[in-house]
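Listed below, chain by chain, are the residues.
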Amino acid sequence: MAAGVIVALVVALFVGEVIDQIVKASAPAARRSSDSWIAAVAPIIGESTSLASTLHDIRNVTGLPVCSSTGCQRRTFDAKLGELEKGTRDDLQALDAIGLVPPSQRAGSLMASVLRDRASASGNLAGAVALLLGPSHAHVTSARAQGLLIAVGDELLEADGDYDKFLKSLPKRRSVPQLASSVWVQDPGSWTRTGVQLWADRLEAATGLQSNSSISLIAISTSPPALRITNLPAAPTTTTSPTTTTTSTTTTSTSTTTTLPGAPTTSSTSSTTTSTTTTSTTTTVPVTTTTLQVPPAGSVSVLAPTTHIEIDVIVADAGNVTAAPVSVEASLVPRLSSSSLTSTPVRAHASIPVLTSGEARYLALGPMHIVEGATYVLTVTATVNGTTMASDRVILDIAG
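Definitions and cut-offs
In this numbering scheme, every chain counts its residues from 1 along its sequence in written order. The predicted origin of the model limits local features to residues at a pLDDT of at least 70 and limits the giving and counting of side-chain atom pairs to 80 or more, whereas totals for whole chains, interfaces and linings rest on all residues. Side-chain calculation: all heavy atoms of the structure are included, whereas hydrogens and water are not. Secondary structure elements are defined from DSSP: runs of H or I of at least 4 residues count as helices, runs of E of at least 2 residues count as strands, and each element is numbered from the N terminus. Should any heavy atoms of two residues lie within 4.5 Å, those residues are counted as being in contact. A pair of strands is considered paired only if DSSP assigns at least 2 bridges between the two. The axes are straight lines fitted to the C-alpha atoms, using for helices just the contacting stretch, and the angles between their N-to-C directions are given from 0 to 180°. In this scheme Phe, Tyr and Trp rings, the latter by its six-membered ring, pair at centre separations within 6.5 Å, and the angle between planes marks the pair as stacked below 30 degrees, edge-to-face above 60, and tilted otherwise. Burial here depends on accessible area, computed with a 1.4 Å probe over protein chains only, as a share of the maximum for the residue type. Under 20% is buried, over 50% is exposed, and the range in between is partly exposed.

### A look at the environment of Leu92
Locating Leu92 in the fold gives a position in helix H2 (residues 72–96). As a C-alpha pair, Leu92 and Ala119 span 27 residues in sequence and 7.7 Å in three-dimensional space. When neighbours within four sequence positions are excluded, Leu92 is seen to be in contact with Ala112, Leu115 and Arg116.

Structure below.
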């Protein structure tokens, strides 16, 4: 029994020593993990802080470049909004991907709250802008947009406050990396109801920012291509303005005077000759017959004999806002020149999920079945959300 007691005491002492060593070793390991988390968060905070300047640019509408004819100001404005939304989402995803344990549950929760509020505020800001710059200028729409902007200010102020709390929640040790301040709202008054209303009024008054939706069909061609285009409009004649050339020639003779007594006095005078020439030039400008454009109205595109045709279209967003989705349809309606044809149209279509301002896309519609020797009316239509934005008609004559 005595031997058993001694063995039990030895085992207890050994286990206690091992546990003590583990406890002592776990504290430095936990601190290292905590410090690593803080070090990993630092660049994310830096990225988030840098987005404050993007927010400032969005609020400073008058500082954006103005190109009202091409929508430069709106494109720049939308790019800033997109940068803000994407940046805040990326920051939130980067925090989730760290995979380390924060110094405390409170610190981790506060950091996540800061980035979530900024991401939410960015999305609400984009929604408010869409209302203010959209086609509806009703008072109710403006009031709803201003309500969203006030919510944006509340979220941003709460995020700045949570970040201060986050800094205070970090352990006070020399080994802890020092994190910089992160403030998005320098002037809280700009997010009050009065400040928001003033900014909304400036936004609505900026003509270069107003939504301008415009879709263009800049090219329609066929495959196989047209051999030639007939029934082209008469070539325009350009007459230049008359050109008048004036030539002046002056002849001067030497004047001689005789002073002998009784001799007559003689003298010569100068003479000037002026000639005027008028030239009129007439220039005839040839009409292009290329198929890499929309053929002129009333013209006929003649194709070689074929039973299948593909319609090639280039569609462009000529406005200053993104169009989504864009649907392009080609419809071939035969002209009833023989009993073998019916009036049933042949259709093909393609869709573009998103067409950004200034972007052009190539689409191939078909192949579509046709009859040799027939004549078709080809109609190409572009719609956005069911609304027709552009339409062109071309006559196709298929050789037999």
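### So, the sheet that holds strand E11 (residues 360–369)
Here we have three strands laid out as an open sheet, ordered E1-E8-E11, and antiparallel in their pairing. The outermost strands of the open sheet, each flanked by one partner alone, are strand E1 (215–223) and E11. This sheet shows a mean twist of 20 degrees between the axes of neighbouring strands, independent of strand direction. Pairing between strand E8 (residues 308–317) and E11: eight bridges, direction antiparallel.

### Describing the packing of aromatic side chains
With the rule as written, the count across this model stands at two aromatic pairs. Aromatic side chains Trp37 and Phe166 sit 6.1 Å apart centroid to centroid with 65 degrees between the ring planes, which places their arrangement in the edge-to-face category. You can see Trp37 sitting in helix H1 (residues 2–59) and its partner Phe166 sitting in helix H4 (residues 139–169), a full 129 residues away along the chain. When sorted by exposure, Trp37 lands in the same class as Phe166, which is buried. With centroids separated by 5.8 Å and ring planes inclined at 40 degrees, the aromatic side chains of Tyr163 and Phe166 adopt a geometry described as tilted. With Tyr163 and Phe166 both in helix H4, this residue pair falls three residues apart, about one helical turn.

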